[in-house]
Amino acid sequence: MADKYQLNVKVNPAVAMALIKDGMSSNAELLHEELNNLGDGRMIGTLIYERYYLRSGNQGALVILADNLQGVCNIRLVSAGSSNSMIFKVDWGAGKSFAASVAKILADYTIE
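Worth saying up front: this structure is predicted, and the values here are computed from it rather than measured.

J.: What should I look at first to understand the pairing of strand 1 (residues 3-9) in this one?
T.: Taken residue by residue, a regular strand's side chains alternate between the two faces of the sheet. The pairing of strand 1 with strand 5 (residues 72-80) spans 7 bridges and is antiparallel. When the sheet's bridge partners are listed, Asp3 is paired in strand 5 with Ser79. Of the strand pairs in this sheet, strand 1 and strand 6 (residues 110-111) are connected by 2 bridges, and their pairing is antiparallel. Counterpart to Val9 in the pairing with strand 6 is Thr110.

J.: Just to check I follow, could you spell out helix 1 (residues 13-23) for this structure?
T.: Structural remark: α-helix, 3.6 residues per turn; residues separated by three or four positions point the same way. Turning to helix 1, its buried residues number three or more, namely Pro13, Ala16, Met17 and Ile20. For helix 1, the buried positions fall inside an angular range of 95° around the axis, keeping them on one side. Regarding helix 1, its N-cap is Asn12, as a side-chain oxygen of that residue lies 2.9 Å from the backbone nitrogen of Ala14 further along.

J.: Honestly, the pattern of salt bridges in this entry has me stumped. Any pointers?
T.: Between side chains of opposite charge, a pair can form when the charged atoms approach closely. Considering all chains together, one arrives at 2 salt bridges under this definition. Where Glu33 meets Lys21, a salt bridge forms, and the shortest distance between an N and an O atom there is 2.7 Å. Placement of Glu33 in strand 2 (residues 28-39) and of Lys21 in helix 1 is noted, with a sequence separation of 12 residues between them. Accessibility expressed as a relative area gives 34% for Lys21, which makes it partly exposed. When the shortest N-O distance is used, the salt bridge between Asp67 and Arg76 registers 2.9 Å. According to the relative accessible area criterion, Asp67 is buried, its value standing at 9%.

J.: Before we go on, may I ask you to explain the confidence of the model for the protein in this structure?
T.: Atomic detail in the predicted coordinates should be set aside for any region of low pLDDT. Per-residue confidence for the protein averages 86 on the pLDDT scale, and 80% of its residues sit at or above 70. The least confident element of the protein, judged by mean pLDDT, is helix 2 (residues 94-105) at 85; the most confident is helix 1 at 98.

Parameters and conventions
- By convention here, each chain's residues receive numbers from 1 onward along its written sequence.
- Reporting in this predicted model follows two pLDDT cut-offs: at least 70 for local features of residues, and 80 or more for side-chain atom pairs to be given and counted; totals over whole chains, interfaces and linings ignore these cut-offs and use all residues.
- Computation of side-chain values: all heavy atoms of the structure, hydrogens and water removed.
- Pairing between strands is defined by DSSP: at least two bridges between them are needed.
- Going along the chain from the N terminus, every DSSP run of H or I of four or more residues is numbered as a helix, and every run of E of two or more is numbered as a strand.
- Burial classes follow relative accessibility: with a 1.4 Å probe on protein chains only, a residue under 20% of its type's maximum area counts as buried, one over 50% as exposed, and anything between as partly exposed.
- Directions from the helix axis toward the C-beta atoms define the arc.
- In protein, a polar contact means a hydrogen-donor-capable atom and an acceptor-capable atom, both N or O and within 3.5 Å, with residues adjacent in sequence counting only if both atoms are side-chain atoms; elsewhere, any N or O pair within 3.5 Å suffices.
- The term salt bridge refers to a pairing of a side-chain nitrogen on Lys or Arg with a carboxyl oxygen on Asp or Glu at a separation within 4 Å.
- Scored from 0 to 100, pLDDT reflects the predictor's confidence in each residue.

Printed below as a string of structure tokens:
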């Protein structure tokens, strides 16, 4: 089961992605990165991270989507894979913690 979170920030997607990459802890591996400039200042970007969680005993993934297609830069965070059971999808808070690390990095730029 994936956990989904979102926030709006007052910087463009390229800046938001750079802040995330600079602020992400060294125990999270960047698996994929792309930024597409659609012209007229509009952008959409993706970052995909993976991290091992001792609590749940497996790898967790975090997909970060950033775009400003509706004017404001919207960041969507989708955590997945941090549960080690096929039946009971309990990740002991690993997914929420992974997403919270991005929210903390962008806290100074978050729009309420």
